[in-house]
Amino acid sequence: MELRALGRTGLSISPVVLGGNVFGWTADEKTSFDVLDSFFDAGFNTIDTADSYNRWVPGHVGGESEAIIGKWLKRGGVSRDKAIIVTKVGSDMGQGKKDLSARWILEEVDHSLRRLQTDYIDLYLAHWPDETVPYEETLGAFAKLKEAGKIRAIGCSNLDAKMLQDSFDAAKKTGLPRYDVLQPQYNLYDRDSFEGPLAELCIREDIGVINYYGLASGFLTGKYRDKADTEGKARGARALNYLDDKGLRILAALDEVAVETDAEPASIALAWLIQSPRVTAPIASATSVDQLEAIIAAGNLTLSPGQMKLLNEAGA
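What this report covers is the structure whose coordinates are included nearby. (Residues numbered from 1 in each chain as written. Predicted model: local features only at pLDDT ≥ 70, side-chain atom pairs only at ≥ 80, totals over all residues. Heavy atoms only, no water.)

### What to know about the overall build of the protein chain
No. 1: Scanning the protein chain from N- to C-terminus turns up twelve helices and ten strands.
No. 2: Here the C-alpha radius of gyration of the protein chain, 19 Å, is about what a compact globule of 316 residues would show, namely 20 Å.
No. 3: With the C-alpha coordinates aligned to their principal axes, the bounding extent of the protein chain is approximately 50 × 40 × 35 Å.
No. 4: Within the span of the protein chain, comprising 316 residues, buried residues form 56% of the whole.
No. 5: Taking the intrachain contacts of the protein chain between residues at least 6 apart in sequence as the baseline, contacts between residues at least 24 apart amount to 76%.
No. 6: A total of about 13,200 Å² of accessible surface is found on the protein chain, and carbon and sulfur atoms cover 50% of it.
No. 7: A distance of 4 Å separates the average location of the 35 positive side-chain charges in the protein chain from that of its 46 negative side-chain charges. (Helix = DSSP H or I, 4+ residues; strand = E, 2+ residues; numbered from the N terminus. Rg over C-alpha atoms; globule rule 2.2 N^0.38 Å. Buried < 20%, exposed > 50% of the residue type's maximum accessible area, 1.4 Å probe, protein only. Contact = heavy atoms within 4.5 Å. Areas by Shrake-Rupley, 256 points an atom, 1.4 Å probe, with all protein chains shown as cover. Lys, Arg positive; Asp, Glu negative; His and termini not counted. Charge placed at Lys NZ, Arg CZ, Asp CG, Glu CD.)

The following block contains the structure:
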């Protein structure tokens, strides 16, 4: 397993990024600590979270995931300089709207730093497009945070090709730092929104790509084979969306490659992303150390050209 350069950020990240969305939701604090420990013990180094994780859980207000990661960092099992922390800003945290205004960014970063119990964030992402705020204002706020040493690099999530190009144009016109990382939704099933102009723009501009939903809400682990498998599961409703002819075709291809490689479907689905020229590293979450094993295996799995072709065609 080798670390990978994340675009032009100067950051070197593991071939899989650990998703922190489950921390404080389907993984309690102790389990989260165990998963984090095992992830770093295996030589991986990058964690993704957001200020809004996990605001969707009844009784939560957001920041729960960051707070767990902060407690884990404070414990000191891994030195701060060995961990790459990615978090995001711009979601509704009670202000009633997505918000990338300079005022909100400059205020909210301090809340994230406090929860994370650190004095800097390695990669800070604009979580959603906010068409009510000019790119110049958002990028200007990020520039101030970089100058203050509160963040090291910046990026964005959920922008399409036109939005990303418009942000580049605004940065060039004003001399402000540009987004150097994109976090899109992308996996073996969900391909249309990223492949094509957006992926081509990222390659052309040397944009680091850390995609989310790398396992399609758990569907690509192979544990959801029919409607009954989704019932009573935290992410079952989302996985249900993939149970169609295309989804079953992908599962069949994963099963075929699993026999050839003696690897889990989840490892194979992530390895397909890792070997894609469009992706720097996929994000995947684990609610137990057992689940984490498939993620770690993906970072050490090499698929043959024939296996890549089979998977490409199944999810086309």
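### With respect to the sheet that holds strand 7 (residues 151-157)
No. 1: Reading across the sheet, the eight strands line up as 9-8-7-6-5-4-3-10 and stay open at both edges, with parallel pairing between neighbours. Each edge of the open sheet is held by one strand with a lone partner, namely strand 9 (208-209) and strand 10 (283-284).
No. 2: Inspection of the sheet shows strand 8 (residues 181-183) paired to strand 9 by two bridges, in the parallel sense. Paired with Leu182 across the two strands is Val209, which belongs to strand 9. (Pairing = 2+ DSSP bridges.)

### Some thoughts on the side chain of Arg80
No. 1: The residue Arg80 is located in the loop between helix 2 (64-75) and strand 5 (84-89) in this model.
No. 2: Within the local environment of Arg80, its side chain forms a polar contact with the backbone oxygen of Ala83, the two atoms lying 2.8 Å apart.
No. 3: Every residue in contact with Arg80, bar those within four places of it in the chain, is listed here: Leu73, Ile85, Thr118, Tyr120, Ile121 and Asp122. (Polar contact = N/O pair within 3.5 Å; in protein donor to acceptor, adjacent residues only side chain to side chain.)

### Remarks on the pattern of salt bridges
No. 1: Considering all chains together, one arrives at 20 salt bridges under this definition.
No. 2: Across the pair Asp37 and Arg75 runs a salt bridge whose closest N-O atoms are separated by 2.5 Å. Taken together, the positions of Asp37 in helix 1 (residues 29-41) and Arg75 in helix 2 put the pair 38 residues apart, joining distant regions of the chain.
No. 3: When its relative accessible area of 23% is taken as the criterion, Asp37 is described as partly exposed.
No. 4: A salt bridge links Lys88 to Asp48, with the nearest nitrogen and oxygen atoms 2.9 Å apart. Remark: Asp48 occurs in strand 4 (residues 46-48) and Lys88 occurs in strand 5; sequence separation between them is 40 residues. (Salt bridge = Lys/Arg side-chain N within 4 Å of Asp/Glu carboxyl O.)

### A look at the state of the cysteines
No. 1: According to the stated counting rule, one finds zero disulfides in the structure shown.
No. 2: Of all cysteine sulfurs in the structure, the one in Cys202 sits closest to Cys156, which takes part in no disulfide; the separation is 7.9 Å. (Disulfide = S-S within 2.5 Å.)

### As for the environment of Asp192
No. 1: Checked against the element boundaries, Asp192 lands in the loop between strand 8 and helix 6 (197-204).
No. 2: A residue is classified by how much of its surface remains accessible, and Asp192, at 72% relative accessible area, is exposed.
No. 3: Taking the C-alpha atoms as reference, Asp192 lies 8.9 Å from Ala316; in sequence the two are 124 residues apart.

### What to know about the packing of aromatic side chains
No. 1: In the structure shown here, the tally under the stated rule is twelve aromatic pairs.
No. 2: With a centroid separation of 5.8 Å and an interplanar angle of 75°, the aromatic rings of Phe39 and Phe40 are classed as edge-to-face.
No. 3: You can call Phe39 buried: its relative accessible area is 0%.
No. 4: Through a chain of ring-to-ring contacts, the aromatic side chains of Phe39, Phe40, Phe44 and Trp72 assemble into a single cluster.
No. 5: Positioned over the ring face of Tyr120 is Arg80, at 4.1 Å from the centre of the ring. (Phe/Tyr/Trp six-rings, centres within 6.5 Å; stacked < 30°, edge-to-face > 60°. Lys NZ or Arg CZ within 6 Å of the ring centre and 35° of its normal.)

### Quick word on the side chain of Asp99
No. 1: Structurally, Asp99 is set in the loop between strand 5 and helix 3 (102-116).
No. 2: The class of Asp99 is buried, set by a relative accessible area of 2%.
No. 3: Setting aside its immediate chain neighbours within four residues, Asp99 contacts Gly90, Trp104 and Asp130.

### Let's talk about helix 5 (residues 161-174)
No. 1: When the terminal C-alpha atoms of helix 5 are compared, their 20 Å separation across 14 residues agrees well with the 20 Å that a helix rising 1.5 Å per residue should span.
No. 2: Among the residues of helix 5, Met163, Leu164, Ser167, Phe168, Ala170 and Ala171 are the ones counted as buried. One side of helix 5 holds all its buried residues, which, seen down the axis, span an arc of 160°. Of the exposed residues in helix 5, those oriented more than 90 degrees away from the buried face are Lys162, Lys172 and Lys173.
No. 3: Where helix 5 is buried, its residues meet helix 4 (135-147), strand 7 and helix 6.
No. 4: In this structure Asp160 caps helix 5, since a side-chain oxygen of it lies 3.2 Å from the backbone nitrogen of Lys162. (Expected span 1.5 Å × (residues − 1). Arc of directions from axis to C-beta.)

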